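A look at the structure
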Amino acid sequence: GSPTTLIEAVVSTQSTGVPRVFRELSSRHVLTQEFVEGDPIDEFDDAPIELRNAIGLKMLKLCLRELFEFQYMQTDPNWSNFFYDTKTKKIKLLDFGATLDLTEEFSNNYLQVIRSCATADRQAIIDASINMGFLSGYESDIMLDAHCEAIKVVGEPFAFDEPYDFVEKAAYKRVAKLLEVFAKHRITAPPEESYALNRKLSGAFLLCNKLNAVIPCKPLFDRVYQHKMNIVNM
């Protein structure tokens, strides 16, 4: 994988785009791209609710597709890397300096973790977490409870059929209370990719919170999950 891999995948979507590169004017040290219309996505927090919801939905959709479909993600959650063009109604991605290539196994296991949250299947969360290296299988009940609670926070927006209110719920704030338990009872370090993964998802959730968005997230995840399962079962 390479930034080109992600760029090509993003360009093929209807709701996202990237600035065109002028290769004849670029070199190893200089990248020349077209000027991009739009404004940073976090500057739309005073926009009408319909527009705020649309931007939040597009960002979440892109995030899920990067994790589970492209298996290649841009890992810098800086909001200034994303512009929204009100004319084309597209999210424009500007910076691919920090990216991460995910293995098929890691992507599939993380998909099952999120799916287990959505279905409130505690044992499935633990099993998938062991497969990913989040847990060793020898943790105390206190650690297992804290881990499952933290994972449920990540999966909560995708667990309800009704639109999810990112301000009213603000589930991510509950994770802070679990950090002390992790510090005392964790017996294995989480996989290295998980740090970028958590930054990516928390960045998308924080943006939706800033936009005061209310979004039907479960149908979005269900489509991604079904698409992935169709490919796996082919």
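Residues numbered from 1 in each chain as written. Predicted model: local features only at pLDDT ≥ 70, side-chain atom pairs only at ≥ 80, totals over all residues. Heavy atoms only, no water.

1. Digging into the overall build of the protein
Across its full length, the protein carries nine helices and eight strands. In terms of overall size, the protein behaves like a compact globule, its C-alpha atoms giving a radius of gyration of 18 Å where 234 residues would be expected to give roughly 17 Å. Projected onto the principal axes, the alpha-carbon positions of the protein cover approximately 55 × 40 × 40 Å. Out of the 234 residues in the protein, the part that is buried amounts to 45%. Long-range pairs, those at least 24 residues apart, make up 73% of the contacts in the protein between residues at least 6 apart in sequence. (Helix = DSSP H or I, 4+ residues; strand = E, 2+ residues; numbered from the N terminus. Rg over C-alpha atoms; globule rule 2.2 N^0.38 Å. Buried < 20%, exposed > 50% of the residue type's maximum accessible area, 1.4 Å probe, protein only. Contact = heavy atoms within 4.5 Å.)

2. What about the confidence of the model for the protein?
With 90% of its residues at a pLDDT of at least 70, the protein reaches an overall mean of 85. Averaged pLDDT values for the elements of the protein fall to 63 in helix α1 (residues 3-11) and rise to 94 in strand β8 (residues 214-215). (pLDDT = per-residue confidence, 0-100.)

3. What about the nonpolar core?
Counting 60 residues, the largest nonpolar core has Leu60, Phe68 and Tyr110 as its most contacted members. If we skip the residues at most four places from it in the chain, Tyr110 touches Phe68, Met132, Phe134, Val154, Leu197, Asn198 and Leu201. (Core = buried A, V, L, I, M, F, W, Y, C linked by side-chain atoms within 4.5 Å.)

4. Here's the deal with the pattern of salt bridges
Two side chains that carry opposite charge are able to pair once their charged atoms sit near each other. If you walk through the whole model with that rule in mind, you get 10 salt bridges. Asp45 is paired through a salt bridge with Lys210; the nearest N and O atoms lie 3.6 Å apart. Pair noted here: Asp45 is in the loop between β2 (39-40) and α2 (49-70) and Lys210 is in helix α8 (residues 193-210), with a separation of 165 residues, a long-range link. Residue classification places Asp45 among the partly exposed residues on the basis of a relative accessible area of 29%. The salt bridge partner of Asp85 is Lys92, with a shortest N-O separation of 3.4 Å. Within this structure, Arg115, Asp161, Lys218 and Asp222 form a network of salt bridges that share partners. (Salt bridge = Lys/Arg side-chain N within 4 Å of Asp/Glu carboxyl O.)

5. Some details on the sheet that holds strand β1 (residues 16-17)
The strand order across the open sheet built from four strands is β1-β5-β4-β2, with neighbouring strands paired in mixed fashion. Of all the strands in the sheet, the pair left with one neighbour each is β1 and β2. The sheet contacts of α2 involve β1, β4 (82-85) and β5 (90-93), and relative to β4 the element is tilted by about 135°. (Pairing = 2+ DSSP bridges. Axes fitted to C-alpha atoms, helices over the stretch in contact; angles between N-to-C directions.)

6. Description of the layout of surface pockets
Volume-wise, the largest pocket comes out at about 580 Å³. Around the largest pocket sit 20 residues that line it, and Ala150, Val154, Val175, Phe182 and Asn198 are the ones nearest its centre. Elements that contribute at least two residues to the lining of the largest pocket include exactly α5 (141-155), α7 (179-185) and α8. A per-element tally of the lining of the largest pocket places α8 first, with seven residues. Here the residues of the lining of the largest pocket are counted per class, giving 15 nonpolar, four polar and one charged. (1 Å grid on protein atoms, 1.4 Å probe; cavity = no way out; pocket = protein on both sides within 12 Å on 5 of 7 lines; lining within 4 Å. Points joined across faces, edges and corners; volume = space filled by probe spheres on them. Nonpolar A, V, L, I, M, F, W, Y, C, P; charged D, E, K, R; others polar.)

7. Some remarks on α5
Between its first and last C-alpha, α5 extends 21 Å over 15 residues, near the 21 Å set by a 1.5 Å rise per residue. Within the sequence span of α5, burial applies to Met143, Leu144, Ala146, His147, Cys148, Ala150, Ile151, Val153, Val154 and Gly155. Residues of α5 that are buried make contact with α3 (104-118), α4 (122-132), α7 and α8. (Expected span 1.5 Å × (residues − 1).)

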